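Structural characterization, general
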Amino acid sequence: DSGVTQTPKHLITATGQRVTLRCSPRSGDLSVYWYQQSLDQGLQFLIHYYNGEERAKGNILERFSAQQFPDLHSELNLSSLELGDSALYFCASATATDTQYFGPGTRLTVL
Amino acid sequence: QQPVQSPQAVILREGEDAVINCSSSKALYSVHWYRQKHGEAPVFLMILLKGGEQKGHEKISASFNEKKQQSSLYLTASQLSYSGTYFCGTGVSGSARQLTFGSGTQLTVLP
């Protein structure tokens, strides 16, 4: 158990819908990263927040957005969902030494 | 740009050794190694920093060649539990906190 929590574990929805994925970092970690992992693929970096501020963006679609709240939990919002958005979404929280610890992930299925 | 991992897949018998390589075209500040079992979260193995020492614990160790921008992960006397996909994540100077992951090496250890 990495200490990072993600909810929900599974999410099934239809095309065109909007969903919100939630992540709570490890106690004391200020950084949250979001990644997308499609079937049997690598980890694609989406976005990084540090202490409530956006620090870096990766290959994140305009239909996706994220934020980090004062209590340091983060939410990833996915809208106008398409079949190709089906994937595992991981968040990771990072220590002061930049070691990233991954949460258990949310498996999103778009039908 | 994504680091290149080799080999893409390797099959071993218990007790055999394996080496997984990760190379980048960019000047690296750090290399992070993770192991992921199917459907689970990536688990942190170790981090190597520019100018740092070779890391290792038990039968898994790694090296970082700063001149060649390459890292290698060494697994000795492999166990069944070592099976999984190994990812390297690279941090480049100037944006060390953001990692770019390789496409992974699938390791299968047979009894």
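Use the structure listed above.
This one's a predicted model, so the numbers in the text were calculated from it and none came from an experiment.

1. Notes on the side chain of Thr95(A)
- Its place among the elements puts Thr95(A) in the loop between strand 9 (87-94) and strand 10 (100-102).
- When near neighbours in sequence (up to four residues on either side) are disregarded, Thr95(A) contacts Arg26(A), Asp29(A) and Tyr101(A).

2. Digging into the environment of Thr106(A)
All names here are of chain A.
- In this fold, Thr106 is placed in strand 11 (residues 106-110).
- Residues Thr106 and Thr15, 91 residues apart in the sequence, show an inter-C-alpha distance of 17 Å.
- If we ignore the near neighbours within four places in the chain, the residues touching Thr106 are Gln6, Thr7, Pro8, Lys9, Leu11, Leu21, Ala87, Leu88 and Tyr89.
- Side-chain polar atoms of Thr106 contact the backbone oxygen of Pro8, separated by 2.6 Å.

3. Overview of the pattern of salt bridges
Residues and elements named next belong to chain A.
- By the definition in use, this model includes 3 salt bridges over all chains.
- Between Asp85 and Arg63 there is a salt bridge, with its nearest N and O atoms 2.8 Å apart. Note that Asp85 is positioned in the loop between strand 8 (74-78) and strand 9 and Arg63 in the loop between strand 6 (53-57) and strand 7 (64-68), a separation of 22 residues in sequence.
- A network of salt bridges, in which partner residues are shared, links Arg63, Glu82 and Asp85.

4. So, unusual backbone geometry
- With an omega dihedral of -10°, the bond running from Thr7(A) to Pro8(A) counts as a cis peptide bond.
- With an omega dihedral of -10°, the bond running from Ser6(B) to Pro7(B) counts as a cis peptide bond.
- You can see Pro7(B) is positioned in the loop between strand 1 (4-6) and strand 2 (9-13).
- Phi at Asn51(A) is positive, roughly 50°, even though this residue is not glycine.

Thresholds, definitions, all that
- Residues numbered from 1 in each chain as written.
- Chains lettered and ligands numbered in written order.
- Predicted model: local features only at pLDDT ≥ 70, side-chain atom pairs only at ≥ 80, totals over all residues.
- Heavy atoms only, no water.
- Helix = DSSP H or I, 4+ residues; strand = E, 2+ residues; numbered from the N terminus.
- Contact = heavy atoms within 4.5 Å.
- Polar contact = N/O pair within 3.5 Å; in protein donor to acceptor, adjacent residues only side chain to side chain.
- Salt bridge = Lys/Arg side-chain N within 4 Å of Asp/Glu carboxyl O.

These results come straight from atomic positions and should not be treated as a statement about function.
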